[in-house]
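# Summary of the model geometry
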Amino acid sequence: MEYVLLLHDDEKRWSVMPEEQFRRETGAYAAYTDALREAGALVSGNPLQPTATATIVSIDADGKTNVLDGPYAETKEQLGGYYVIDVADLDAAIAWAARCPCAATGTVEIRPVADLTIPA
Amino acid sequence: MISTRGAHDVAERAAREHYGKLLAYLASRCGDVHAAEDALADAFAAAIECWPASGVPRAPAAWLLVAARNRLFDDCRKRQRTERVRERLSAAGRTAERELERDGVLEDERLAMLFTCAHPAIAADVRAPLMMQVVLGLDAARIASAFLIRPEAMSQRLVRAKRKIADAGIPLRVPDVADMPARLDAVLAAIYAAFADAWHDPAASDPRTRGLAAETLWLGRMVVEACPEEPEAMGLLALMLHADARKDARRDAAGAYVPLDEQDVARWNAAQIDEAEALLRRAAGARRIGRFQLEAAIQSAHTARRRRGSADWRAIVALYDELLRVTASPVVALNRAVAIGRAFGPPRGLGALAAIAADPRLENYQPYWAARADLMLRAGKDLEARTAFERALGLTNDPAVRAYLGARLDAVARARAL
């Protein structure tokens, strides 16, 4: 089954981090990504730019496209990255989520990917 | 040829005896508890329709399993279920067929089902109800009344939990030894709740209650086997064995209610009590006391009456002190007050009762009023005893208990008239 791991963390932490710690923490993510790949569980994954770079788009009732700057809502933790993994079941996904460096500094949300393929 | 009525009876008996096992088997192989329930319900309906004409099959459970599996296949075609689900189902069907062909015996997946319901990804308040429904086959209304919530609310919670098992991919299997202790509390709580539910219906007025106590005992044994190092699992089994050992003594030959301290000890099941005592000793060796061991120890102290003619009330009070510390339950506080009354005299029992009298949870709790009536009577306060008996009488739904309380109320009224 495919699951998305949504990594929520305090993004301000990263902007004020001493360089040595930054290297250590990004190194931990690199090692984790390698481990996922070697286990054959990795589908994809990326860090995201901070919420200050976010743009919100919606179309109103008149068909006009509205473009807004910034994150939708202020929260204590922000979505800072994601992994898509393919593993046997939720227990395996939980085991991988617990190993993710983000689980120690923030939280990891596991969402199963909805399977909508209809057989021919 | 058998009658529709006969087919119905056989199907219902098969349902009662095999429901949990069949559902656990189907669900663990298709990963979807809800779909398995629907398929099994249809299989029972088909049995009632087919059996009067075709005769009851030699192995009713196997017949039901094959019918339910076919139904799952149909369902999967009709609803154009996704490839993943179809694959799982066809694998399930092949395995079921092979196992039935081989020796007609199905692998028992109920323990896996029990621990799956206690998965940490399932909301804590629905774990025990879910086990009662999918492992023991109790309906939502019955479970709702055991947990004091509205049936519709309970139904919704159960449906949501089953959907989560299927959609989030929660595996139906016995967890690793490392994960077991964390889930054990919920498993034990569910078994206890189901046992208590069966216990409160001693006449088995509800057909589903027949066999429920035996099934919960069986589950308790299975958990002890799976977790042989867990003292609380042994404690729960000991508690259930003690209670079950007295089931025949709870009513006299005429079906009248007999309170615990007036029961004929010769009618207690001595072998079961011995087994409970041995379990409790084994549990004590782990030196990790808990709620179920304490409750079993209280039952054990009651059985001292077999040897010395009276229960060990002082020991019972000490055990209730500890149990109250662990559970903070008003029901435990109530039983403690009763024990204090027996060990140290009615005035002290009434004192302990006064401390919890304001708890709103006891306001409509029949045993509270029955206990209060008894303590008042023993303290010589007939008027208060009478009021409390009347209140208790209005709150009971068990005819035998009602008759017992009514007789005691009459006795007080007569004594005052003299």
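### Examining the overall build of chain A
Scanning chain A from N- to C-terminus turns up four helices and six strands. Start at the N end of chain A and walk to the C end: the helices and strands fall as β-α-α-β-β-β-β-α-α-β. Expected size for 120 residues packed as a compact globule is a radius of gyration near 14 Å; at 17 Å, chain A overshoots this value by more than 25%. Along the three orthogonal principal directions, the C-alpha set of chain A runs to about 55 × 50 × 20 Å. Expressed as a percentage of the 120 residues in chain A, the buried residues total 13%.

### Overview of the nonpolar core
All names here are of chain B. Core analysis: the largest hydrophobic core is formed by 129 residues, its most contacted members being L22, L26, V187 and A238. With 11 residues, the top contributor of residues to this core is helix α1 (residues 4-30). Contact partners of L22, with chain neighbours within four places excluded, come to L40, A61, L64, L65 and A68.

### Some thoughts on the confidence of the model for chain B
All names here are of chain B. Averaged over every residue, the pLDDT of chain B is 86; the share at 70 or more is 88%. Averaged pLDDT values over the elements of chain B bottom out at 62 in helix α4 (residues 83-103) and peak at 96 in helix α11 (residues 231-245). Both scores are available for the predicted complex, with the pTM at 0.77 and the ipTM at 0.80.

### Things to note about unusual backbone geometry
Outside of glycine, negative phi angles account for most residues, and trans bonds account for most peptide bonds. Residues and elements named next belong to chain B. At R287, a residue that is not glycine, the phi angle is positive and equals roughly 55°. Overall, R287 belongs to the exposed group, with 7 C-beta atoms counted inside 10 Å. Of note, the phi angle at A328 is positive, near 50°, even though the residue is not glycine. By the element assignment, A328 lies in the loop between α15 (313-327) and α16 (330-344). Note on A328: 9 C-beta atoms within 10 Å, which makes it exposed.

### Notes on the sheet that holds strand β1 (residues 2-9) of chain A
Whenever strands of a sheet pair, they do so through backbone hydrogen bonds, lying parallel or antiparallel. All names here are of chain A. The antiparallel open sheet is built from four strands, whose spatial order is β2-β5-β1-β6. Two strands in the sheet have a free side with no partner beyond their single neighbour: β2 (42-47) and β6 (107-112). Across the sheet, the axes of successive neighbouring strands diverge by a mean angle of 20°, strand direction being ignored. Of the strand pairs in this sheet, β2 and strand β5 (residues 78-86) are connected by five bridges, and their pairing is antiparallel. Counterpart to N46 in the pairing with β5 is Y82. Together, β1, β5 and β6 form the strand contacts of helix α3 (residues 90-99), whose direction differs from that of β6 by roughly 155°.

### Observations concerning the environment of N335 of chain B
One can find N335 of chain B in helix α16. Sequence separation between N335 of chain B and P367 of chain B is 32 residues; the distance between their C-alpha atoms is 9.2 Å.

### Let's talk about helix α5 (residues 110-117) of chain B
Residues separated by three or four positions in an α-helix point in the same direction, a consequence of the helix having 3.6 residues per turn. Summarising burial for α5 of chain B: seven of the eight residues are buried, a large majority. Those residues of α5 of chain B that fall on the buried side of the exposure criterion are R110, A112, M113, L114, F115, T116 and C117 of chain B.

### A few points about the packing of α15 of chain B against α16 of chain B
All names here are of chain B. Axis separation between α15 and α16 bottoms out at 9 Å; the angle between their running directions is 160°. Of the possible angle classes, the one that applies to α15 and α16 is roughly antiparallel. For the crossing formed where α15 meets α16, the hand is left-handed. Listed contacts from α16 to W313, R314, I316, V317, Y320, D321, L323, L324 and T327 of α15 are V332, A333, N335, R336, A339, I340, R342 and A343.

### Structural notes on the packing of α11 of chain B against helix α12 (residues 270-284) of chain B
Residue and element names in this part refer to chain B. Across the interface, α11 lies against α12 with an axial gap of 8 Å and an inter-helix angle of 160°. In this view, α11 runs roughly antiparallel relative to α12, as classed from their interaxial angle. For the pair α11 and α12, the sense of crossing is left-handed. Touching P231, M234, G235, L237, A238, L241, H242, D244 and A245 of α11 are Q272, I273, E275, A276, L279, L280, R282 and A283, all from α12. Split by residue class, the contact of α11 with α12 holds 11 nonpolar, three polar and three charged.

### Points about helix α18 (residues 366-378) of chain B
Residue and element names in this part refer to chain B. Between the first and last C-alpha of α18 there are 19 Å, a value that for 13 residues agrees with the 18 Å anticipated at 1.5 Å per step. Where burial is concerned, most of α18 is hidden: 10 out of the 13 residues are buried. Taken together, the buried positions of α18 are occupied by Y368, W369, A370, A371, R372, A373, D374, L375, M376 and L377. Just downstream of α18, G380 is the residue with a positive phi angle, here 85°.

### Some words on the pairing of β1 of chain A
Residues and elements named next belong to chain A. Here β1 shows one buried face, formed by Y3, L5, L7 and D9, and one open face, formed by E2, V4, L6 and H8. The pairing of β1 with β5 spans eight bridges and is classified as antiparallel. Across the sheet, the residue bridging to L5 is Y83, located in β5. Relative to β6, β1 runs antiparallel, the two sharing six bridges. Among the inter-strand pairings, V4 is bridged to a residue of β6, identified as R111.

The rules behind each value
- Residues numbered from 1 in each chain as written.
- Chains lettered and ligands numbered in written order.
- Predicted model: local features only at pLDDT ≥ 70, side-chain atom pairs only at ≥ 80, totals over all residues.
- Helix = DSSP H or I, 4+ residues; strand = E, 2+ residues; numbered from the N terminus.
- Rg over C-alpha atoms; globule rule 2.2 N^0.38 Å.
- Buried ≥ 20, exposed ≤ 12 C-beta atoms within 10 Å, placed from the backbone.
- Core = buried A, V, L, I, M, F, W, Y, C linked by C-beta atoms within 7 Å.
- Contact = placed C-beta atoms within 7 Å.
- pLDDT = per-residue confidence, 0-100.
- Pairing = 2+ DSSP bridges.
- Axes fitted to C-alpha atoms, helices over the stretch in contact; angles between N-to-C directions.
- Parallel < 35°, antiparallel > 145°, perpendicular 65-115°, else oblique.
- Left-handed = near helix turned anticlockwise from the far one by under 90°.
- Nonpolar A, V, L, I, M, F, W, Y, C, P; charged D, E, K, R; others polar.
- Expected span 1.5 Å × (residues − 1).

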